[in-house]
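Read off the chains here:
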Amino acid sequence: MKYLKLSLLLVIPIIIASCMATSKQSEAPQIEAQIEFANKQLSLLLKVAEEENNIPRTLDAEGNMHWIHENFDWTEGFYPGTNWYLYELTKDEKWKIAAEQFQAIFESHKNYTTNHDLGFVFNCSYGNGYRLTGNEEFKNVLITAGNSLITRFDPKVGCIKSWDVEKGWQSTRGWKFPVIIDNMMNLELLFELSKLTGDSKYEQVAISHADTTLKNHFRNDNSSYHVIDYDPETGGVRNRHTAQGYAHESSWARGQAWGIYGYTVCYRYTKNPIYLKQAEKIADFIINYPGTPEDGIPYWDYNAPNIPNEPRDVSAAAVTVSALIELQAYSKESYLPAINKIMNSLASPEYTAKLGENKNFLLKHSVGSIPHNNEIDVPLNYADYYYLEALGRYKKLSK
């Protein structure tokens, strides 16, 4: 009997602690406090960026600031986009001035036709700028970028080509027409341009891309492949591969996040229930995956070989929770438990840096690409961007 009592004395505190942790995770996040902290932390980052007149991307392996690549960087739009979100959340003019300053650095990239990331780059920066200011010059930049982007669309394949394969590491893979799940994030620019201009050509490309991706990118469990390689002559699928995940048949965490976000956006613009259903299916995979950690922050790949001794990817969590908050407004399902869990985890000291630390980035513990041995367990400007977006969306959701 005394052993039973001793066992209960040992077990009960563990149960209580577990219940308290679960209860805390389910509480509504302290949005205003997180916005206030983000304003302070990113004000410090702004000083550094202004001194350099450059866009911060991440930290290198030695912990030094890594700025965007000089010629073109798919992440270059996120930092000015973060400034636009802070302007929207705080009404402080300094953020508007900063956003305009930093997005001007890459305005000429609106003419690039060699990269699919123009949606990321320009919608997150100039798109938010136009939404908040109505500046017609910003709208014209968006139109030019959209026209550049749709030159990469192949009607036989039905998709926008992600990467050119004539040079670089992509040339070693044997691909002909690679399309990555990330490309779903470029469709928002196209949908928005049809809305702004009345020209349906942009939306038609976006719908074709979304439909083809829906047909070929997803497995029976609603996880997605990273790369589908098409034959441009026939439009058929040549390969189902990965570039940044653990293996071809594994589920790269940020890829799943791009998927749920992309199809939620597609539903926003089209109200096509097929897109809503797909977003819900991906949400179900992410939320109910058996190996997802208790705090809701995924490992960089759901099937990484050394779980639980694998890096988490906070950027995947930030993208996912922002999408879930929007999806909450459309779906009959309630995603609030998952939303609150992820938001509270991101706001915790485990993932939010202390003031003045982390080179003044907001979030810690993101992963760029482990297969490329690049940006592992570091802050990333797009993690901060989507977290700020999530904070703003949650604030509106709770009104």
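Structure first, text after, so check above.
Quantities reported herein were computed from a predicted structural model and do not represent experimental measurements.

1. Digging into the overall build of the protein
At step 1: The secondary structure content of the protein amounts to 13 helices and nine strands.
At step 2: Computed over the C-alpha atoms, the radius of gyration of the protein is 21 Å, within 12% of the 21 Å expected from 2.2 N^0.38 for a compact globule of 399 residues.
At step 3: Principal-axis analysis of the C-alpha atoms places the extent of the protein at approximately 75 × 50 × 45 Å.
At step 4: For the protein, buried positions account for 56% of its 399 residues.
At step 5: Summarising the internal contacts of the protein: among those between residues at least 6 apart in sequence, 66% fall at separations of at least 24.
At step 6: When the accessible surface of the protein is summed, it comes to about 17200 Å², and 51% of that surface belongs to carbon and sulfur atoms.
At step 7: Where the 39 positive side-chain charges of the protein centre and where its 48 negative ones centre are 5 Å apart.

2. A closer look at empty space enclosed by the protein
At step 1: All told, the structure shown has one cavity of 30 Å³ or more when counted by the stated rule.
At step 2: There is about 40 Å³ of room inside the largest cavity.
At step 3: Y289, G291, T292, P293, P298, Y299, Y302 and I307 are the residues that line the largest cavity.
At step 4: A breakdown of the residues in the lining of the largest cavity according to their chemical character gives six nonpolar, two polar and no charged.

3. Description of the pattern of salt bridges
Should the charged atoms of two oppositely charged side chains come close, the side chains can pair.
At step 1: Enumeration over the complete set of coordinates arrives at 17 salt bridges.
At step 2: Where R312 meets D295, a salt bridge forms, and the shortest distance between an N and an O atom there is 2.8 Å. Remark: D295 occurs in the loop between α10 (273-288) and α11 (314-330) and R312 occurs in the loop between α10 and α11; sequence separation between them is 17 residues.
At step 3: Take D295: its relative accessible area is 16%, and that puts it in the buried class.
At step 4: Put simply, E389 and R393 hold a salt bridge, and the shortest N to O gap is 3.7 Å. Taken as a pair, E389 and R393 lie in helix α13 (residues 381-397) at a separation of four residues, close to a single helical turn.
At step 5: Looking at E389, the relative accessible area reads 6%, which means it is buried.
At step 6: Judged by its relative accessible area of 18%, R393 falls in the buried class.
At step 7: Within this structure, E188, R268, E326, E389 and R393 form a network of salt bridges that share partners.

4. Details of the side chain of H116
At step 1: Its place among the elements puts H116 in the loop between α4 (93-103) and α5 (118-133).
At step 2: Given a relative accessible area of 1%, H116 falls into the buried group.
At step 3: A distance of 3.3 Å separates a polar atom in the side chain of H116 from a polar atom in the side chain of N183.
At step 4: In this structure H116 touches L149, R152, I160, K161, S162, W163, I180, N183 and N186, once residues within four positions along its chain are discounted.

5. What about the nonpolar core?
At step 1: Core analysis: the largest hydrophobic core is formed by 107 residues, its most contacted members being F122, L187, L190, L324 and Y386.
At step 2: By size, the runner-up hydrophobic cluster in this structure holds seven residues, among which are V157, F177, V179 and I228.

6. A closer look at the packing of aromatic side chains
At step 1: Applying the stated rule across the entire model yields 29 aromatic pairs.
At step 2: Ring plane angle 70 degrees and centroid distance 5.2 Å describe the contact between Y79 and F102, whose orientation is recorded as edge-to-face. In this pair, Y79 sits in helix α3 (residues 78-90) while F102 sits in helix α4, placing the two residues 23 residues apart along the sequence. Both residues of the pair, Y79 and F102, belong to the buried class.
At step 3: Across the ring face of Y225, the terminal group of R219 is positioned such that the distance to the ring centre comes to 4.0 Å.
At step 4: Here the guanidinium or amino end of R312 rests over the ring plane of Y299, the centre of that ring lying 5.1 Å away.

7. Notes on the packing of α3 against α5
Axes are the key here: two packed helices are described by the angle between their axes and the distance separating the axes.
At step 1: Where α3 meets α5, the axes come as close as 8 Å, and the angle between the chain directions of the two elements is 25 degrees. Compared by their axis directions, α3 and α5 come out roughly parallel. The crossing of α3 and α5 is left-handed. Here F78, P80, G81, W84, Y85, Y87 and E88 of α3 come into contact with α5, specifically with F120, C124, S125, N128, G129, R131, L132 and T133.
At step 2: Tallied by class, the residues present in the contact of α3 with α5 amount to eight nonpolar, five polar and two charged.

Rules behind the numbers
Residues numbered from 1 in each chain as written. Predicted model: local features only at pLDDT ≥ 70, side-chain atom pairs only at ≥ 80, totals over all residues. Heavy atoms only, no water. Helix = DSSP H or I, 4+ residues; strand = E, 2+ residues; numbered from the N terminus. Rg over C-alpha atoms; globule rule 2.2 N^0.38 Å. Buried < 20%, exposed > 50% of the residue type's maximum accessible area, 1.4 Å probe, protein only. Contact = heavy atoms within 4.5 Å. Areas by Shrake-Rupley, 256 points an atom, 1.4 Å probe, with all protein chains shown as cover. Lys, Arg positive; Asp, Glu negative; His and termini not counted. Charge placed at Lys NZ, Arg CZ, Asp CG, Glu CD. 1 Å grid on protein atoms, 1.4 Å probe; cavity = no way out; pocket = protein on both sides within 12 Å on 5 of 7 lines; lining within 4 Å. Points joined across faces, edges and corners; volume = space filled by probe spheres on them. Nonpolar A, V, L, I, M, F, W, Y, C, P; charged D, E, K, R; others polar. Salt bridge = Lys/Arg side-chain N within 4 Å of Asp/Glu carboxyl O. Polar contact = N/O pair within 3.5 Å; in protein donor to acceptor, adjacent residues only side chain to side chain. Core = buried A, V, L, I, M, F, W, Y, C linked by side-chain atoms within 4.5 Å. Phe/Tyr/Trp six-rings, centres within 6.5 Å; stacked < 30°, edge-to-face > 60°. Lys NZ or Arg CZ within 6 Å of the ring centre and 35° of its normal. Axes fitted to C-alpha atoms, helices over the stretch in contact; angles between N-to-C directions. Parallel < 35°, antiparallel > 145°, perpendicular 65-115°, else oblique. Left-handed = near helix turned anticlockwise from the far one by under 90°.

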